[in-house]
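Single-letter residue listing:
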Amino acid sequence: MTQANSFQAWREGFGPIVHSDETVERVRALAATTALGEEALYRTLIAADRLASAAMWTVVHMTYARRVDLSGAPLPADAFKTTPEGHTGGSLNMVPAFVGYLAANVLSATTRGWLMGQGHSVAAIEAVNSLTGDVSPPQRGRYDRSEAGLSRLVSDFYSYAIAADGAAAVPLGSHAGPNTAGAISEGGYLGFAEVQYAHMPLPGESLVAFLSDGAFEEQRGSDWTPRWWRAEDSGFAIPVMILNGRRIEERAQIAQQGGAGWLADHLRLNGFDPFTIDGRDPAAFVWGILEAEQRLERFTSDPARQYPAPIPYVIAASIKGFGFPGAGTNAAHNLPLSGNPASDDAARREFNEGAAALFVPPDELTQAVQTLSIHGAQKRPPESQHPLALRRPQSPALPDPHWTMAGDPPDCAMHALDRWFVRLVDANPELRVRVGNPDELRSNHMGAVLERLRHRVNVPEPGVADAIDGGVITALNEEAVAGAALANKAGLNLIVSYEAFAMKMLGGLRQEIVFARRQREIGHEPGWISVPLIVTSHTWENSKNEQSHQDPTIGEALLGEMSDTARVLFPVDSNSAVAALRSVYQGRGQVACVVVSKRDMPHRLDGDAALRAVQAGAAHIEGAAAGADVQLIAIGAYQLEEALKAARRLADVGLRTLVTMLIEPGRFRAPRDPIEHSFVAGDAALGELFPPNLPRVIATHTRPEPMLGLLRRLDGGPSATVAHGYISRGGTLDVAGMLFANRTTWAHLVESVAQLLNRPCDQILSAAECAAIDGRGDPHDLINPSTNRKTA
């Protein structure tokens, strides 16, 4: 085929794909500069049109059909699903985008990374991958472009098949997942791709981030990217918004406010360099991706460049569900046809006519796939193996801690973490660092980290810890700053927050946890260095503020996830805090919430004991198991101090108390599957730390009820185990007031011990102390337990 003929064949389009005059002119300009030559470019674009049409044909079959017919014949009623399902419109819109991404890679001989924020559009990715053969290992041999392979694909989609062990029985889900070749995020929670993509690629890499106009209502056009992207430590990040104008039930906000033109104006005000393409045409995406890269290259090659960089932003204008009946309607989001083809003759005609317009004969499709599948000749990996999908940075060098010694004055655990993290950064200069900071890093006693890494800003303020290349990502947007750390899977990360406000990070944290856990379940271990979330200024010590600042829910929520992937730790002093943080960085593919006090606390463990406690998940602090009358279990620093006070009072009346610090409760839960079983303590280790048949009183940083449920393995029932913790009482109080309001003082623990041992409380506590815990006396009588000491 001659160059002129190739151009004309492409210019004619295919099926519903039509090339606008603007796209034609842009492609002509591209053809004049491509290294492959004009004829090869047009052959590539011809192939892209056919692959896109075939993938859209596959997508609608995934929603409605139980099988495919590669002859193109109309499907009869019995070939359709009785209950169709599919997020069809968004998937149809993603097909030209993803195929355009593949074609851009061919034309530049580069395998770019990809990220899809709208994970419910997964049918587009799975359809294209099945047609090209670039599927994940669990899908290999099951899905391909044969009639049998595509029939398995469409019948598996929303089949709800379940295996005997409760796992999904097919390697295909409703959202992007570990079985989706090349996927790095589920995209099930809209808005997180927008705050993450700028921090993902390393220098020399390029990432195409497919975003949705619906997520604009979560994050206003990813406004943070120009503020934080730096050519010096990041590769090219190319946002591509699929602007189809609709959410589930109504027009998207952008459509209501003025469409692509309004969005472009908004983006310019926020530092972007937007331009609009035809979101219905794979060739437009090819041009858009390459044009965005050229603009970024011009910026990075300018020695006089100044930040913020004008980040190219591709606005791909389309209509919801383009290419199939029902396009542009609310129904296009899920089921665009007027009825169910399995039982409705009119809907069946709609489907068959719509599918016929998209059909590509198998021989023609095979030729198109061969044209696009030249990875071997170009010596580059397939898209399923793009750089971001294979992240496994080298293990960090972990400095030996500078332990606090016995006899040293009380110290702040946050200061200890601050000192150690700076040493960690200095020991690993090859690992890019991101510290997610909503606002108060110095207030949270991490001033050394701030001075070492500095707030990342476009224009530093004199006399402030600011820098253009700063590693501290600061904004009063918890999702955005946590996203920066979670996205940096090539480096070292840390998130620091008030405990109460970390709840605003929970959706993003959980998305990472679930995706990583599902990778483990299919034998694909995530390779990124685990990310700690340090929550401080926490429930018990944030007593000076109102109850909005007193909330342990983040730890409770994360304890509900699988403990091998979502760790929650409660260190009690500076040594155990450093040991806990160090253990997090030894892991891979975990998110770890570390609850740390920022006030000076007594030293309770030396260095070796702290390391052993973190490894085991718990440690005895005082007393001996042999001959103990009762065990006090402390989960949290303030809780340990109250338990030790209680133990001293109990000793005064001849009761022997075993005081145990439980640093990682998830280690002692009843495991829920084999992976978690390999993480939790065995029965022998459990018995050593928590002797059977011993009455126990638990003092927990969290609410008592969820902790009791978690620790069922050591719970002897109401007559043998009592728990104290946050009972949702607070306000503007001091620490002692918070403990008293939540019935978690040493005296309340003593009262519970007396009840478990059938001892009269007034034989252990003074009359004033009994009156205080009964709500009749003065709470201040509990502040110094030695003043009213009872003796045997």
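Now for a look at the structure at hand. Quantities reported herein were computed from a predicted structural model and do not represent experimental measurements. The residue count restarts for each chain, going from 1 along the sequence in the order it is written. For this predicted model, a pLDDT threshold of at least 70 governs which residues receive local features, and a threshold of 80 or more governs which side-chain atom pairs are given and counted, while totals over whole chains, interfaces and linings are taken from all residues. Hydrogens and water molecules were not included; the side-chain quantities draw on all heavy atoms of the structure.

Focus on helix H13 (residues 362-372)
Thinking step 1. The complete set of buried residues in H13 reads Leu365, Ala368, Val369 and Leu372. The arc that holds the buried residues of H13, viewed along the axis, is 100°, so those residues lie on one side. In H13, the exposed positions angled more than 90 degrees off the buried face are occupied by Asp363, Gln367 and Gln370. Note on classification: 1.4 Å probe, protein chains only; a residue is buried when its accessible area is under 20% of the maximum for its type, exposed when over 50%, partly exposed between these limits. Every helix listed is a DSSP run of H or I at least four residues long, and every strand listed is a run of E at least two residues long, numbered separately from the N terminus. In this context, the arc is that of the directions from the helix axis out to the C-beta atoms.

Let's talk about the environment of Gln139
Thinking step 1. Mapped onto the elements of the fold, Gln139 is located in the loop between helix H5 (122-132) and helix H6 (147-156).
Thinking step 2. Separated by 41 residues in the primary sequence, Gln139 and Thr180 have C-alpha atoms spaced 8.6 Å apart.
Thinking step 3. Residues count as neighbours in contact if any of their non-hydrogen atoms are within 4.5 Å of one another. Contact partners of Gln139, with chain neighbours within four places excluded, come to Glu126, Pro171, Leu172 and Asn179.

What to know about the nonpolar core
For soluble globular proteins, the rule of thumb is that nonpolar side chains tend to be buried together.
Thinking step 1. In this structure, Trp10, Leu51, Met94, Phe98, Phe210, Trp229 and Phe351 are the most contacted members of the largest nonpolar core, which totals 120 residues.
Thinking step 2. Residue contributions to this core peak at 16 residues, all from helix H3 (residues 38-64).
Thinking step 3. Residues belong to one nonpolar core when they are buried, are Ala, Val, Leu, Ile, Met, Phe, Trp, Tyr or Cys, and are joined through side-chain atoms within 4.5 Å. Met414, Val472, Ala619 and Ala637 belong to the second largest nonpolar core, which has 82 residues in total.

Some details on the pairing of strand S14 (residues 591-595)
Thinking step 1. Within S14, five of the five residues are buried, which leaves it mostly tucked inside the rest of the structure.
Thinking step 2. Residue alternation in S14 divides its side chains into two sets, Val591, Cys593 and Val595 and Ala592 and Val594, and both sets are buried.
Thinking step 3. Of the strand pairs in this sheet, strand S13 (residues 566-569) and S14 are connected by four bridges, and their pairing is parallel. What sits directly across from Ala566, in S14, is Val591.
Thinking step 4. We call a crossover right-handed when, viewed with the strands running away from us, the connection from the first strand over the helix to the second turns clockwise. In this fold, the crossover linking S13 to S14 by way of helix H20 (residues 574-585) has right-handed handedness. Paired strands, in this sense, are two strands between which DSSP finds at least two bridges.

Here's the deal with the packing of aromatic side chains
Thinking step 1. Under the pairing criterion, centres of Phe, Tyr and Trp rings, with the six-membered ring standing for Trp, must be within 6.5 Å; the plane angle then separates stacked pairs below 30 degrees from edge-to-face pairs above 60, leaving the rest tilted. For the structure shown, the criterion picks out 24 aromatic pairs.
Thinking step 2. Measuring from ring centre to ring centre gives 5.3 Å for Phe7 and Tyr42, while their planes differ by 70°; the resulting arrangement is edge-to-face. In this pair, Phe7 sits in helix H1 (residues 3-11) while Tyr42 sits in helix H3, placing the two residues 35 residues apart along the sequence. For the pair shown, Phe7 and Tyr42 are each scored as buried.
Thinking step 3. For the ring pair Tyr101 and Phe210, a centre distance of 6.3 Å and an interplane angle of 85° mean the geometry is edge-to-face. Residue Tyr101 is found in helix H4 (residues 88-108), and its partner Phe210 is found in strand S2 (residues 206-212); the two are separated by 109 residues along the sequence. Here Tyr101 matches Phe210 in class, with each residue buried.
Thinking step 4. Chaining the aromatic ring pairs together yields one cluster made of Tyr64, Phe80, Phe324 and Phe351.
Thinking step 5. In this structure, Lys504 is placed above the aromatic ring of Phe501, and the distance from its NZ or CZ to the ring centre is 5.8 Å. Two thresholds decide whether a charge sits over a ring: the Lys NZ or Arg CZ must be within 6 Å of the ring centre and within 35 degrees of the ring normal.

With respect to the sheet that holds strand S1 (residues 113-116)
Thinking step 1. Taken in spatial order, the five strands make up an open sheet running S1-S2-S3-S5-S4, and their pairing is parallel. Looking along the sheet, the strands with just one partner apiece sit at the ends: S1 and strand S4 (272-278). This sheet shows a mean twist of 20° between the axes of neighbouring strands, independent of strand direction.
Thinking step 2. Two elements, S1 and S2, share four bridges in a ladder whose sense is parallel. Bridging from a neighbouring strand, Met116 pairs with Phe210 of S2.
Thinking step 3. Each axis is a line fitted through C-alpha atoms, and for a helix only the stretch in contact is used; angles between axes span 0 to 180 degrees, taken between their N-to-C directions. Helix H10 (residues 259-269) rests against strand S3 (236-243), S4 and strand S5 (311-317) of the sheet, and its axis sits at about 160° to S4.

Some words on the side chain of Asn493
Thinking step 1. Along the chain, the position of Asn493 falls in strand S11 (residues 492-498).
Thinking step 2. A relative accessible area of 2% places Asn493 in the buried class.
Thinking step 3. Beyond its immediate sequence surroundings of up to four residues, Asn493 is in contact with Arg434, Ala484, Ala485, Asn488, Val531, Pro532 and Tyr585.

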